[in-house]
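Here's the letter readout for the chains.
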Amino acid sequence: MDEKNRAGSVTFLQEIIHPISVARLVMEKTPHVMLSGDGALQFALENGFDRQNLLTEKAKQAWEEWKVKSQYKPVINLENHDTVGLLAMDRMGNIAGGCSTSGLAYKLHGRVGDSPIIGAGLFVDNEVGACVATGLGEMVMRTLSSFLVVELMRNGISPRQACEEAIRRIVKRNQDFRDFQVAVIAINKSGEYGAYAIQPGFSFAIHTQSGNELINSESHL
Ligand code: ASP
């Protein structure tokens, strides 16, 4: 999502190594926001992306082991979540953001998470700021966390406080919050940033002209 309020995403796109680049083309080259499944794949192939089998031997083995019991219990906790989110501000103060994920392991076929849903996994409003989420997508989608954080910042609270409030809403509505992770990161128009998570152990990286810093996020637990 960019500073001009343009957005692009892809869902259920298989066998393409960098789906975020396809999402960017959806934003730049089509009148749409989201392409899914076969249509997304067709669009990617027509735009020069190569199709390849991305299943690693390790993942295949883990899946074979899982199939023995086929216990349907998709978990996103500290060890199992992989969304990469990025919020960027240029020297003119313009804000853009992106995120990419493999989603959830051992999910129902066709399950889509929060990351490609604009407003849930990512939201940018160049007048206010931006937010990106990681963790159990269902929780993020149900509370529209990224949009919520941006709207809270619009009302004047800091990125850190806005992130805490978005996490608080998830915790409040889910008694089992100890069993899953959700974390959000935000930046505002002044370049202030903040994050908050349910579980401890979530860290985020800041890159500025003065260097790089890895920061441990505060958390509810
Ligand atoms: N948010 C992603 C999803 O629910 C998963 C993750 O953060 O790893 O699809």
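All figures in this text were calculated on a predicted structure; none of them were measured in a lab. (Residues numbered from 1 in each chain as written. Predicted model: local features only at pLDDT ≥ 70, side-chain atom pairs only at ≥ 80, totals over all residues. Heavy atoms only, no water.)

## Some remarks on the packing of aromatic side chains
Two measures describe an aromatic ring pair: the distance that separates the ring centres and the angle between the ring planes.
(1) Moving on: Enumeration according to the criterion identifies three aromatic pairs in this entry.
(2) Moving on: A centroid spacing of 4.9 Å and a plane angle of 5° characterise the contact between Trp-66 and Tyr-106, whose relative ring orientation is stacked. Highlighted residues: Trp-66 in helix 3 (residues 57–69) and Tyr-106 in the loop between strand 4 (95–100) and strand 5 (122–125), separated in sequence by 40 residues.
(3) Moving on: In this structure Trp-66 comes out as partly exposed when scored by relative accessible area, which is 23%.
(4) Moving on: Their ring planes at 75° and their centres at 6.3 Å tell us that Tyr-193 and Phe-204 sit as a pair that is edge-to-face. (Phe/Tyr/Trp six-rings, centres within 6.5 Å; stacked < 30°, edge-to-face > 60°. Helix = DSSP H or I, 4+ residues; strand = E, 2+ residues; numbered from the N terminus. Buried < 20%, exposed > 50% of the residue type's maximum accessible area, 1.4 Å probe, protein only.)

## Here we look at the domain arrangement of the protein
Interfaces are often sized by the amount of accessible area the parts lose when they come together.
(1) Moving on: Assigned domains within the protein: domain 1 (9–46) and domain 2 (78–216).
(2) Moving on: Computed over C-alpha atoms only, the centres of domain 1 and domain 2 are separated by 22 Å.
(3) Moving on: Listed by partner, the interface residues are eight residues for domain 1 and nine residues for domain 2.
(4) Moving on: Summed over both partners, the interface of domain 1 with domain 2 buries about 540 Å², with 79% contributed by carbon and sulfur atoms.
(5) Moving on: Considering only the side of domain 1, the residues that lose the most area to domain 2 are Thr-11, Phe-12 and Ile-20, jointly responsible for 59% of the buried surface there.
(6) Moving on: Looking at the side of domain 1 that touches domain 2, the elements that each hand over two or more residues are strand 1 (9–11) and helix 1 (19–29). (Domains from an automatic or database assignment. Contact = heavy atoms within 4.5 Å. Buried area = accessible area lost by both parts, 1.4 Å probe.)

## Focus on the nonpolar core
(1) Moving on: If you look at the biggest cluster of nonpolar residues, it comprises 44 residues, and the most contacted ones within it are Val-149, Phe-180, Val-182 and Ile-198.
(2) Moving on: Counting residues in hydrophobic clusters, the runner-up holds 12 residues, among them Val-10, Ala-23, Leu-25 and Leu-41. (Core = buried A, V, L, I, M, F, W, Y, C linked by side-chain atoms within 4.5 Å.)

## Quick notes on the pairing of strand 5
(1) Moving on: Residues Leu-122 and Val-124 of strand 5 are buried on one face, and the alternating residues Phe-123 and Asp-125, pointing to the opposite face, are buried as well.
(2) Moving on: Bridge count between strand 5 and strand 6 (residues 129–135): four bridges; the pairing is antiparallel. Counterpart to Leu-122 in the pairing with strand 6 is Val-132.
(3) Moving on: Connecting strand 5 to the next strand, strand 6, in antiparallel fashion are three residues. (Pairing = 2+ DSSP bridges.)

## Quick word on the site of the ligand
(1) Moving on: Residues in contact with the ligand amount to 13 residues; listed here are only the nearest, Asp-82, Thr-83, Arg-111, Asp-114 and Gly-135.
(2) Moving on: A distance of 2.6 Å is found between a nitrogen atom of the ligand and a side-chain nitrogen or oxygen belonging to Asp-114.
(3) Moving on: Between Gly-137 and the ligand, the recorded distance is 2.8 Å, taken from a backbone N or O atom to an oxygen atom.
(4) Moving on: If the ligand stood free it would expose 270 Å²; the protein chains cover 99% of that surface. (Near = heavy atom within 4 Å. Polar contact = N/O pair within 3.5 Å; in protein donor to acceptor, adjacent residues only side chain to side chain. Areas by Shrake-Rupley, 256 points an atom, 1.4 Å probe, with all protein chains shown as cover.)

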